[in-house]
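# Chain and residue survey
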Amino acid sequence: MGIATPEAYNEMLDRARAGKFAYPAVNVTSSSTLTAALQGFAEAESDGIIQVSVGGAEYASGSTVKDRVAGTLALAAYAGEVAKNYPITVALHTDHCTAANLDSWVRPLLALETEQVKAGKLPTFQSHMFDGSTVPLAENLTIAEELLALSVAARTILEIEIGVVGGEEDGHMAEINEKLYTTVADGLATVKALGAGEKGRYLTALTFGNVHGAYKPGAVKLRPAILAEIQKAVGDSLGSVNPFDLVFHGGSGSTAAEISEAVDNGVIKMNIDTDTQYAYTRPVVGHMFKNYDGVLKVDGEVGNKKAYDPRAWGKLAEGGLAARLVEACQQLRSAGTKIS
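Overview of the structure. All values reported here derive from a predicted model rather than from experimental measurement.

Turning to the overall build of the protein chain, a few remarks are in order. For the protein chain, the helix and strand inventory stands at 13 helices and eleven strands. Whereas a compact globule of 340 residues would reach a radius of gyration of roughly 20 Å, the protein chain reaches 20 Å, a difference of no more than 12%. Along the first, second and third principal axes, the C-alpha atoms of the protein chain reach 75 × 50 × 40 Å. For the protein chain, the proportion of contacts with a sequence separation of at least 24, taken over those separated by at least 6, is 74%. With the model as given, the accessible surface of the protein chain reaches about 14600 Å², and the carbon-plus-sulfur share is 56%. The centroid of the 29 positive side-chain charges in the protein chain is displaced by 4 Å from the centroid of its 40 negative side-chain charges.

Below, the structure written as structure tokens:
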């Protein structure tokens, strides 16, 4: 097993559509969080998606360097080696690239992957996301149409966002208002511009009140029924059922019922970041509090090397993220569905 080929990724998505389940897509920022994601997928016996944001990529390249392309490729190279040892298949994905970041991030990656394909090699990544929520819909779809053609040449899949996900993601802020809800007209415009698969496969994030970050219950008003409305209207216009391969953004903190309804309505990928960040950090905090006199040289003592060895608390952090990812796989029904 290991990193998915383009064929394996398409098979993963087809299996999710047919089986009415979705893959967790977990953001990683380091070798440790990436390893934790692999551990979680393996424990859940689920294939999955590992994704990198622009901020995560910059951090991975070195917090004083901030080379987003170098960091992205470095995480992919690490994943390519270590994923071989886990009995699951994972796809690599770049997350939330806004229009302002295309020329410095996703377009160079697509160009590299196109050259890889021309040379008879596999592309480094399996999919890339264009977040067009910062521009008008017409411009969003014009750019998406261009990127879809580039994605076909690179043997990758394009993910788009039709609507606006509220909250903050890597410095990009969006208000929590009526723009969080995609309309039927938006869905019809999307198919008119990008087709229904004949121009290349794409994933679609339709928004139904989604918000990035952590919020108390009741603060975010999710309406998963919107997905069913758009799927039916667009499907009726095409003579098909559930024409969109849907993505659930801003999924952290969602209830089990909201997740289940979204999957019933065609979601096959759900992003998870805030919840896994907390799950990774919380065990470290517990370790530091419990072993404060070991991780600190208190009252002139020398501390305890076994307590402050990064592997000691690193394993706990990875275990915490992995456990939260198992929970996500169970909620999304992907647990036990691995290709192998």
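With that settled, consider the environment of glycine 19. The residue glycine 19 is located in helix H1 (residues 6-19) in this model. What makes glycine 19 partly exposed here is its relative accessible area of 45%. Here the alpha-carbon distance between glycine 19 and serine 334, two residues 315 residues apart in the chain, equals 9.0 Å.

Glancing now at unusual backbone geometry. Even without being glycine, lysine 20 reaches a positive phi, approximately 55°. Along the chain, lysine 20 turns up in the loop between H1 and strand S2 (23-27).

In total, this model carries 15 salt bridges according to the counting rule given. Among the salt bridges present, the one from lysine 118 reaches glutamate 115, with a minimum N-O distance of 3.5 Å. Placement of both lysine 118 and glutamate 115 in helix H5 (residues 102-118) is noted, with a separation of three residues, approximately one turn of the helix. Residue class for lysine 118 comes out exposed when judged on its relative accessible area of 63%. Ionic pairing is found between lysine 269 and glutamate 159, a salt bridge with its closest N-O pair at 2.9 Å. Taken together, the residues span a long stretch of sequence, with lysine 269 in strand S11 (residues 267-272) and glutamate 159 in strand S6 (residues 157-162) at a distance of 110 residues. Both residues of the pair, lysine 269 and glutamate 159, belong to the buried class. Because the salt bridges share partners, they merge into one network encompassing Asp14, Arg17, Arg201 and Asp245.

Summed over all chains, the structure comprises two aromatic pairs. A cation over an aromatic ring shows up here: arginine 223 above the ring of tyrosine 181, its NZ or CZ 4.8 Å from the ring centre.

Its place among the elements puts serine 151 in helix H6 (residues 137-153). Classification of serine 151 as buried rests on a relative accessible area of 1%. Residue contacts for serine 151: discarding those within four places in its chain leaves Leu110, Thr156 and Leu158.

Right, let's get into the pairing of S11. For S11, the buried fraction is high: six of the six residues fall into the buried class. Across four bridges, S2 lies against S11 in parallel orientation. Directly across from tyrosine 23, in S11, lies its bridge partner lysine 269. Looking at chain direction, strand S10 (residues 245-248) and S11 are connected through three bridges and run parallel.

Viewed as axis vectors pointing N to C, helix H4 (residues 68-82) and H5 meet at an angle of 50°, and their least axial separation amounts to 9 Å. Here H5 runs oblique to H4, going by the angle between their axes. The hand of the H4/H5 crossing is right-handed. Within the contact between the two elements, H4 uses Arg68, Val69, Thr72 and Leu73 and H5 uses Ser104, Trp105, Pro108, Leu109 and Leu112. Residue composition of the contact of H4 with H5, grouped by class: six nonpolar, two polar and one charged.

This next bit is on H1. In this model, H1 (14 residues) spans 20 Å end to end at C-alpha, consistent with the 20 Å of a helix rising 1.5 Å per residue. Those residues of H1 lying buried are Pro6, Ala8, Tyr9, Met12, Leu13 and Ala16. Count one or two residues on from H1 and you reach lysine 20, which has phi positive near 55°.

Turning our attention to the pairing of strand S3 (residues 48-53). Looking down a regular strand, the side chains alternate between one sheet face and the other. The element S3 is extensively covered by neighbouring structure, given that six of its six residues are classed as buried. Covered by surrounding structure in S3 are Gly48, Ile50 and Val52 together with Ile49, Gln51 and Ser53, the residues of both alternating faces. In this sheet, S3 lies alongside S2 in parallel orientation, the contact comprising three bridges. In the strand pairing of S3, valine 26 is matched with isoleucine 50. One ladder, built from six bridges, connects S3 with strand S4 (residues 89-98); its direction is parallel. Paired with glutamine 51 across the two strands is histidine 93, which belongs to S4.

Here we take up H6. Note on helix geometry: an α-helix contains 3.6 residues per turn, so any two residues three or four positions apart are oriented the same way. The first and last C-alpha atoms of H6 sit 24 Å apart over 17 residues, in line with the 24 Å expected at 1.5 Å per residue. For H6, the full list of buried residues reads Asn140, Leu141, Ile143, Ala144, Leu147, Leu148 and Ser151. Taken down its axis, H6 places every buried residue within 165° of arc, on the same side. Turned more than 90 degrees away from the buried face of H6, the exposed residues are Ala138 and Thr142. In this structure, the buried residues of H6 make contact with H5, strand S5 (127-131), S6, helix H7 (184-194) and strand S9 (202-206). Once H6 finishes, arginine 155 follows within two positions and takes phi at roughly 60°, a positive value.

The rules behind these values
- Residues numbered from 1 in each chain as written.
- Predicted model: local features only at pLDDT ≥ 70, side-chain atom pairs only at ≥ 80, totals over all residues.
- Heavy atoms only, no water.
- Helix = DSSP H or I, 4+ residues; strand = E, 2+ residues; numbered from the N terminus.
- Rg over C-alpha atoms; globule rule 2.2 N^0.38 Å.
- Contact = heavy atoms within 4.5 Å.
- Areas by Shrake-Rupley, 256 points an atom, 1.4 Å probe, with all protein chains shown as cover.
- Lys, Arg positive; Asp, Glu negative; His and termini not counted.
- Charge placed at Lys NZ, Arg CZ, Asp CG, Glu CD.
- Buried < 20%, exposed > 50% of the residue type's maximum accessible area, 1.4 Å probe, protein only.
- Salt bridge = Lys/Arg side-chain N within 4 Å of Asp/Glu carboxyl O.
- Phe/Tyr/Trp six-rings, centres within 6.5 Å; stacked < 30°, edge-to-face > 60°.
- Lys NZ or Arg CZ within 6 Å of the ring centre and 35° of its normal.
- Pairing = 2+ DSSP bridges.
- Axes fitted to C-alpha atoms, helices over the stretch in contact; angles between N-to-C directions.
- Parallel < 35°, antiparallel > 145°, perpendicular 65-115°, else oblique.
- Left-handed = near helix turned anticlockwise from the far one by under 90°.
- Nonpolar A, V, L, I, M, F, W, Y, C, P; charged D, E, K, R; others polar.
- Expected span 1.5 Å × (residues − 1).
- Arc of directions from axis to C-beta.

By themselves, these figures tell us nothing about what the structure is for.
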